[in-house]
Structure formats: structure tokens, C-alpha cells
Amino acid sequence: MSTLTVSGYLKLTGNLLSGEVPPKISKMRFLNLLVLGNNRLSGPLPVEIASLSLVVLDVSNNLFSGQIPSEIGSLQCLVAMDLSRNNFSGDLPTSLNKLSEMDVFNVSFNPLLSGIVPDTGQMSTFGNGSFMGDPFISYSSFSSYHPPPPSSDDSSTVRRRTSRTTVAFWIPFTVSFLAFGVASFVLCLRIRTPIFIVIRIPTIGNFVPRSGDHRRNLHLKDSWKRACWFYWLRIIEGRRSWDMSEKEAGFSSRIVVLLFLILLAGRGIAGLGDKEVVVKLKRFLQSNNKIYSGGYARWNEADPTPCRWPGVTCNDDGRVTGIDLSNSSISGPMFVGLSNLTELERLDLSENTIDGRLPKDLNECGGLRYLNISHNLLGGELNLTGLVNLQVVDLTSNRFEGEIRGKFQAMCANLVLLNISANNFTGEITGSFDECPNLQYLDLSTNIFTREIWKGFAKLREFSVAENNLTGEILSETFPSNCSLEILDLSSNNLVGDLPESIANCSKLELLNLWNNNFSGAIPSGISDLSKLRKLFLGSNRFDRKIPEKLLNCKELVFLDLSKNNFGHEMQGIFGRFVALQSLTLHENYYSGGIESSGILKLPDLFTLDLSFNNFSGELPVEIAAMPKIKYLTLAYNNFSGSIPPEFGSIAGLQMLDLSYNRLTGRIPPELGKLRSLLWLMLANNRLSGEIPPEMGNCSSLLWLNLAGNKISGRIPSEISRIGRDPNPTFQANRRGISVGSLSGKCQSMTRWIPVNYPPFSFIYTLLNPKRCQTTWDRILKGYDYFPTCASSNSQVRTVPFSGYLQLTGNILSGEVPQEIGKMQFLRLLYLDGNQLSGNLPAEIASLPLVVLNVSCNLFSGQIPSEIGSLRCLNGLDLSRNNFSGELPVSLNQLSELNQFNVSDNPLLSGVVPDTGQIATFGNDSFIGDPLISYSSRSSYPPPPPTFGNSSTVYRGTSRSKVGFWIPFIVSFLVFGVASFVICLGIRTPVSIACRILTIENFVTRSSDHRS
């Protein structure tokens, strides 16, 4: 309820305030507006702020860290909140979604902030601009948000600050300045005019005359620009400058003004306006991406400023400070010319297919603080030594190679986060990051690093070096008393020996992952002192079977993986006493019993249980049905026998049930049709019989059904077309919950649930690692599908909808395929092969957005439906070993995506294989056993050689650099030459003009935020 009270504000914007905000600020009950932006405030934001009656809260552009207080969600009258450009970390509080009055919201450029933006509630009303520069925040598709236009006029867009210069101007200017100055001096000697010219240009350290008894020094504590202006103004004002007389100074003032105008003219010629650069970027991208394009295609070149364009951000002066072209369907080489955007601070080109090497031009973007070029195809050796202001660097999932030693010392003074995972880096990591004082988050995983582990990682907050070839032992001194680690991932290396007890010094540790090494001996009891430990992965090692009792002291432990340690015998009883566990993974331990006796089925919060790849036998425990929160149950690859308990149909929250590769018999219980949240049902490779129960059609969330390799008979019920019709309630529940599931190991479960022969997945399959598996798994279970597929059957436009499958391979199904199958719009894979299905193949199949269709090894007859030719994204089509007849449909030649095609062993099929088109690309094997099909000899048409863009890019860059050199060279050569000649003729008395040459090696430009 709103009331009328005294309203006040505190506005401290744009000062140099530092330190933490005092908690006593909560006593200022009159405050409605609190504006602390643009200072140097640090530390956590005090939760006491939430006790104020704030309407506006602005703490942007500071150094705040830690989590955003969830208590802020209680500020029900808050209309505007700006937390941008800080170092906040942790998950975005869900309580903020309750701020129903909020109209302005900004948490952008907090690179350590994570979480998922909800689809509903107040947070969902804000556009991408509210979360720009937050690489760990994910969200579903939003409408584009564009920042408001700058208040300054258009000319400010192209205006450049003289404190930011480029080598492209200064080298030719200085060379021409010297060259023609000397030429003029020679000319003066030839006409015998007594002139003594000593060029005095300031050094950065001291401004000191070098002749006579001049002793006046000017100590510069600012940029060269201030020194030059100081010197010039003294002359213009008619003051003495060392030896100069009033008359000489007055005349020199005109020369100085002339030279200054030359300097500005040279800058205007050598540089490009921000809009010009961004327009060149757009045209470059369009020329390399003529089919698919991103948001840059909507950049309107008629606009006076690029500041309103999606993905472009500007500062108050109208200068471009950020470019975000992530996930914009960009391919080809990287654009050359970004260094002309002299105020550029943020660059995000992630999630594209940019290839080639990084251009040298990028290394000249000295103002960059945030660089994300992850998930591309960039390669070669890395060189970012010129980017000394970088704070966040993400290069993950590229093809960079070579050693990293010596690559980061020069540019890591400000570095906070570095992610170079999933590349091809080699060599040692020892000593590579010792000179990075602010580094807190370092991810080196999935490379080819060798030798020993870097011993300085304990000073970080997060360190991952998973999936490398590191060797050696972890020594006790690796974990000093001041260990700051919160996340430590050493998985998938060749580390050996015992884990030292000194791990107890890392009291802040929340995740410890040692999976897939060669650690042996006892599990160290020191782990029990890690009171904040939530996730512990010790699988795929050689630890002793005995689990230390002290480990029960980890009261917050929710994820435990002790898989693949070959424990054998009965399951240890201690697992049933970890009462806080939510996920337990014990696959590949050769257990033979103990599921009930261990007590794990009575754990109150357990929602993930993986006991696959063991030797359990007997009937499935009915007690599983009583587990209150179980969602993901994997009992595959055991020796369970008997029937599936009908009680399993009462597990209301069950989302994944994997009982494949056992010895189960009997019918599929119709009670499973009650599982409305079930997404996966994997019953493949058992001995199940009977018919598919029609009740399965009630499973409204069931997208992935695999009944292959059984003895199921009868017809395919028409009710099966109703499965998976509305999975959204399940996805929404997963989005509201915590991170679902926990996958470790070699993605065994993932590769079972998503077939490797699914074409969109087959490429990713070769790149899978535990981290990618976890990300993929999490996204799929929340409805954010990972694999772009066709939006509809007759469209080649890629979207990321729900992708499901129906696998009935290798059973005894008979009869016709029901026409209702055309309603299963989520289907991308349809496997009906290896049965006894007969009749016509229904034309309604063509209404599905299929990627793979396999109906081979059946008894289908009649014509192949010509409508199949409208499946524009069909990648695999197998109609072999049937009784199809009639003409081979010419429409199949339109399937431009098809790379697997087989109509062999259909003896009644006729027609002529075309000489051109997609069908012409397949060999004779696709038509073996079809005596009525004829074809002429077809030559293979190899694709045209690719046009490599790198050479042209280099050529264009070279041309631009030549223009950038010669224009200012010629202008300054001519103008200063004339000026020098005028001096020679205009002065009849000896003049000592003392100027000093500005030394290039000491040339430093400083501004409030940048060093070049």
C-alpha cells in the first residue's frame, strides 16, 4: 500500500568514492532515490538496502562484487534499478521477478553473473540490453531491445578524442615532419639565411631544453597532449618560452596554430568515423553471409548514428563502445578494421562459425575490456598482448594452438576471467599466470596441456584444467592455508597418488571434481572439513572401497559421484546416510546387490539415481515407486529380470526412466500412461512382449520413446500420436527448479538417449565432454533444445524447437502405420525398421519435420508417396527391403539436404535415376536389387574449391594501411615544408627555436579507463 511520507534522495554520482557501502545506510528511512553510480565503491551490496522504501536504485559503474542480495526483491515500489558494470557474481535472484512496478532494469556487463532469465514475470518484460555482457546468463528468445539514442548531436558520432591516437596517423606524420623539416633546413642553408633549428618535442617523462643554460623543467603527469597544449598556449599568449622573445613568440604562435590544424586535418584523413566503420562491418558480413544473416542485416545505413542498431552500444558522447553479434550466423574470416572504433570496450562474436586467424588489427583495440569470440572456428597461435585492459576473455571452443607461456603476462594485469577451454593449446601451464594479480576465474579445460599442474591455482576462485594430459602428484603444499578456491575441476587427466589431506584448507570449496584420473588410496578425510562442499566427483579412479565416516560431516553435499571405482560386492550402506543428497551416481562399480539394504531408496531429496552398468539381478525393486522426489532413474545395463512393476506408473514426478539392456519380460504396463511428466522412456533391448498399450498416448510430455529390440507385436496404436503433445508444463517446472541432473563420465547416458546417428547430433557427438554434456542435458530438460532443425516439413528455416523421436526398430509390429502419425509435430527421427509393417506408407508422414526416416526391412507396398519430396530438412531416408512399386518419385530429387539414401531391394520399383539433382549424387548401392530402375553413367561433380577469405582480407587491410600512411605523409610534407620555408624567409635575425622530438617508445596515451 502506498502512503504519503517524507521523500528524500542521496545522489553521489560521478565521484571517486571507494570502499564498501555502510550497512547503517538502512537508517535513512526517508530515502526514495539512492544514486551511487560512477564511483569506485566495492565489496558486497549491503542487504540492509532492502529495508529502505526505494523507488530508484542506481549503483552502476562501480566495483561491487558478490551476490546480488535476494532481499532486494522485497522493494515492492522499486521502479528503476541499475546494477550494470560491476563484478556481481552468483545466480540472478529469482526474487527480482516479484518487482511488479519495475520499468527500468539493467544488470549488463557483470561478467560473473549467472542464471536463466525467466519466461514469465516482470523480468521477462525486459530485452536483451538488460543482460548484455553477461556471458553466463541464458534466456529464451526475447524481442530485440535497442538502447536509446544518444543526446548529443550527430557530429559527436564522428568526433574523436585527441587523447586516443593511432599508429596509422602518427608514424607517417612524424616521418614526414622530420623528412621535410630537414629538407627545409637544407634549403635555408642554400639561401644562406642564418637559422638554428632544433626540433623540440616533449618526451613523456620530462620537458627539458637541451641547449645553453636552460634549466626550466616541465614534469608531465598527464598525457603528451596536455604538455603540447601547455607549450603552445605559452607561445600563443605571448609569454616567454625559455629563450624566446615576445616578438619571436608571437610569430611562433602562428606557426604552432598552423601545425595544430595540420595535426587535426591529418587525424581526420587517417581515421574513420564510428558509423563508417560499423557500416563497413555490416557490408563485410553481408558479402560473406548471403544466405543466412543475423541482426546486422537490420542496420539502417540511413540512420545518422549506429547507436540505435541492435547489438551496438554507445556512450554518452555517441561513440561506439560495444558490439554484440553473438549467434548471428556469421561465417568466413573475421572483419579487419575494428581498431578504428577507438572507444570500443566490449566485443562479442560468440556462437558463430568465423574461421581463419585473428587479424592483427584486433590486437590494436587497446580499450577492450570484454572479449568473447567463443564457439567459432578460429585457429592459429594466439596473440592478444596489445589488449592490456582486458578483464574478461572467452575463447572457448575454437581451434587455437601452440603454447601459452608468455602469451598472457603482458595483458593480464586487469584480467579477472579467462576461458580458453576446448582448443588445441599445448605445452606447460606452470608459470603462465603468476603475474595476473586480479585473475579469479581460469578455465583451461579440453586442451593438450602436459607436464605438471600449476601450483598457484589455489589463489583463484574457480580453476578448471579438465581433459588435458597433466601428470604427477598433487602435493600437500598445493593447498595453502589461504586457499580461496570455490570450484576445482581436475577431471580427465593422468594425475596419480593420494589426494593430500591439506585439501581441508580450501574451506570455501563448493565443487571438487577429480573424475577420471589415477588417484588411489583412501578417500582423504580432509574432505569432511569442507563444510560448504555441495558437489563431489571422485568417479573413475582407484579409491579404496571404504568410504570414511567423516564424510557425513559434509551436510550440504547434494551431488555425489563415485562411479567406476570397481568397488564390487554389495553397495556400501553409508550412501543411505547422506540425507541431503539429490543426485547419486554409482555406475560401473560391479555391484551385485544392496539397493534396498543400503537405504538409498529412502533418501528424502534424491531426484537422480544412476546405477547403470552394474551386475544387479532379480526383479526391479518395487520400493522405487515410493521415492518421493525421484525424477531421473537409470537402471540400464544390468541383469534385472521379471516384469516392469505397474507401481512405477504412480511416480508422479518421473521424467526419465531408463531400463534398457536388461532381461525384462512381460508386457509394458498400461499404468505408465499416468506419467504426465515423463520425457524419456527407454525400454530398448529387453524381452518385452505384447502390444504397445494405447494408454501411452496419455503421456503428454513424452518426446523420446525407445522400444527397439524387443518382441513387441500387434499394430501401432493410433493413440501413440498423442504422446509429447504438450511438454511445456514439465519444461516450465524444470526452469523454475535448480540445475537438473548431474552427468559425469564419458557422456554414456547422453549418447544412449540421443542417438549418434541423429545428424544434428552426430557432429556434436565427436566434441562431447562432461561440461558440454551437462550444458546440453540441462538445456534439453528445460526445453531449450540444442539442435537447430526445420521449423516445418516444407521449410528449410532452422529453429530450435523440441526435437523428439520414436524408435520401434527390431520388433514384430504388423499392420499399417496409422495416418494419425502425421500429428506428431515434435518428431525429428522416425525408426520403424526391422518389423512386419505392411500396406501403404501414409502420405501424412510428409507433414512431419523429419530429419531421419527409416522404414527399411518391412513389408510396405504401393507407391512411395511423392509428398516425401517436401521434407526439406530430410537428411537420411531408408526405404530399402520392402515391396514398393511404381515410379521413383521425381520429387525426391528436391531433397537438397539428403546425404543418406537407400531404396535397394524393392524389386517392383521402377524409373530412371536422374543425371542431375540430389539423387544423382548417390552411387549404385542405393539401387541394388531394383531391376526395373535404370540410370545413365554419372560422373561425380566435386564441390567447387572454397574461396579462402584470408588473403583478400589481408590485401584489403594492406591497401587501407597504405592509404592511411600516404595521405597524412603528403599533406604534412607539403604544409610543413611550406611553413618551414616561410620561417626561413620571414625571419631576418638569428632565431633559436628549441623543439624536442617526441620519442615514440615513450608515447603513452592516458584516459580515465584506458592505456594504449
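Residues numbered from 1 in each chain as written. Predicted model: local features only at pLDDT ≥ 70, side-chain atom pairs only at ≥ 80, totals over all residues. Heavy atoms only, no water.

### Examining the sheet that holds strand β3 (residues 31-35)
Ordered by their spatial adjacency, five strands build an open sheet running β1-β3-β5-β7-β9, and the pairing between neighbours is parallel. Each edge of the sheet is formed by a strand with only one pairing partner; in this case those strands are β1 (8-11) and β9 (104-106). The sheet shows a mean angle of 15° between the axes of neighbouring strands, direction not considered. Relative to β9, strand β7 (residues 80-82) runs parallel, the two sharing three bridges. Each bridged residue has a counterpart across the sheet, and for alanine 80 the counterpart in β9 is valine 104. (Pairing = 2+ DSSP bridges. Helix = DSSP H or I, 4+ residues; strand = E, 2+ residues; numbered from the N terminus. Axes fitted to C-alpha atoms, helices over the stretch in contact; angles between N-to-C directions.)

### Considerations on the pairing of strand β47 (residues 687-690)
Alternating positions in β47 separate cleanly, Leu688 and Gly690 being buried on one face and Arg687 and Ser689 remaining unburied on the opposite face. Both strand β45 (residues 663-666) and β47 contribute to a ladder of two bridges, which runs parallel. Bridge pairing links threonine 665 to arginine 687 in β47. Here β47 runs beside strand β49 (residues 711-714); their pairing, made up of two bridges, is parallel. Following the sheet pairing, serine 689 is matched in β49 by lysine 711. (Buried < 20%, exposed > 50% of the residue type's maximum accessible area, 1.4 Å probe, protein only.)

### Points about a negative patch on the surface
Taken together, the side chains of Glu695, Glu719, Glu820, Glu844 and Glu867 present a region of like negative charge at the surface. Inspection of the secondary structure assignment puts glutamate 867 in the loop between β57 (859-863) and β58 (876-878). Residue classification places glutamate 867 among the partly exposed residues on the basis of a relative accessible area of 38%. (Patch = residues over 30% accessible without salt bridge, like charges linked within 9 Å, V, L, I, M, F, W, Y side chains within 5 Å. Areas by Shrake-Rupley, 256 points an atom, 1.4 Å probe, with all protein chains shown as cover. Salt bridge = Lys/Arg side-chain N within 4 Å of Asp/Glu carboxyl O. Lys, Arg positive; Asp, Glu negative; His and termini not counted. Charge placed at Lys NZ, Arg CZ, Asp CG, Glu CD.)

### Re the pairing of β57
Here strand β55 (residues 836-839) pairs with β57 via two bridges, running parallel. Directly across from serine 838, in β57, lies its bridge partner leucine 859. Relative to strand β59 (residues 883-887), β57 runs parallel, the two sharing three bridges. Bridge pairing in β59 places glycine 862 opposite phenylalanine 884.

### Regarding the state of the cysteines
Within this structure, the stated rule accounts for three disulfides. Cysteine 412 shares a disulfide with cysteine 436; S-S distance 2.2 Å. Here cysteine 412 and cysteine 436 share a disulfide; its torsion about the S-S bond, -95°, makes the bridge left-handed. With cysteine 412 in the loop between β23 (399-403) and β24 (417-419) and cysteine 436 in the loop between β25 (424-427) and β26 (441-443), this residue pair connects regions lying 24 residues apart in the sequence. Cysteine 436 shares its class with cysteine 412; the two are buried. Here cysteine 483 engages in a disulfide with cysteine 506; their sulfurs sit 2.2 Å apart. Judged by the sign of its S-S torsion, about 95°, the bond between cysteine 483 and cysteine 506 is right-handed. Here cysteine 506 lies in the loop between β31 (494-497) and β32 (511-513) and cysteine 483 lies in the loop between β29 (469-473) and β30 (487-489), a separation of 23 residues in the sequence. (Disulfide = S-S within 2.5 Å.)

### Observations regarding the environment of serine 677
Tracing the backbone through its elements, the reader meets serine 677 in the loop between β45 and β46 (680-682). Taking relative accessible area as the criterion, serine 677 reaches 21% and is therefore assigned partly exposed. Note: C-alpha distance between serine 677 and glutamine 655 (22 residues apart in sequence) is 5.3 Å. Each residue touching serine 677, except ones within four places of it in the same chain, is listed here: Ala652, Gly653, Leu654, Gln655, Ser701 and Thr730. (Contact = heavy atoms within 4.5 Å.)

### Overview of the side chain of aspartate 58
Residue position: aspartate 58 is located in strand β5 (residues 56-58). Summary of buried charges: aspartate 58 has no salt-bridge partner, and the nearest side chain of opposite charge, lysine 11, is 8.4 Å away. Not counting residues within four places of it along the chain, the set of residues in contact with aspartate 58 comprises Leu34, Val35, Leu36, Gly37 and Asp82.

### Re the nonpolar core
By size, the foremost hydrophobic cluster in this structure holds 192 residues, and its most contacted members are Phe463, Ile527 and Phe575. Those residues in contact with phenylalanine 575 that lie beyond four places of it in its chain are Ile547, Leu560, Leu562, Leu581, Leu584, Leu586, Tyr591, Ile600 and Leu603. (Core = buried A, V, L, I, M, F, W, Y, C linked by side-chain atoms within 4.5 Å.)

### Description of the environment of arginine 722
Residue position: arginine 722 is located in the loop between β49 and α6 (728-736). Of the residues examined, arginine 722 reaches a relative accessible area of 37% and is grouped as partly exposed. C-alpha separation for the pair arginine 722 and isoleucine 821, spaced 99 residues apart in sequence, amounts to 8.7 Å. In this view, arginine 722 contacts Gly697 and Asn698; residues no more than four positions away in its chain are not counted.

### Some remarks on the pattern of salt bridges
Inspection of every chain in the model, using the stated rule, returns 13 salt bridges. Among the salt bridges present, the one from glutamate 381 reaches lysine 407, with a minimum N-O distance of 3.5 Å. Taken together, the residues span a long stretch of sequence, with glutamate 381 in strand β21 (residues 377-381) and lysine 407 in the loop between β23 and β24 at a distance of 26 residues. Judged by relative accessible area, lysine 407 falls into the partly exposed class, the value being 22%.

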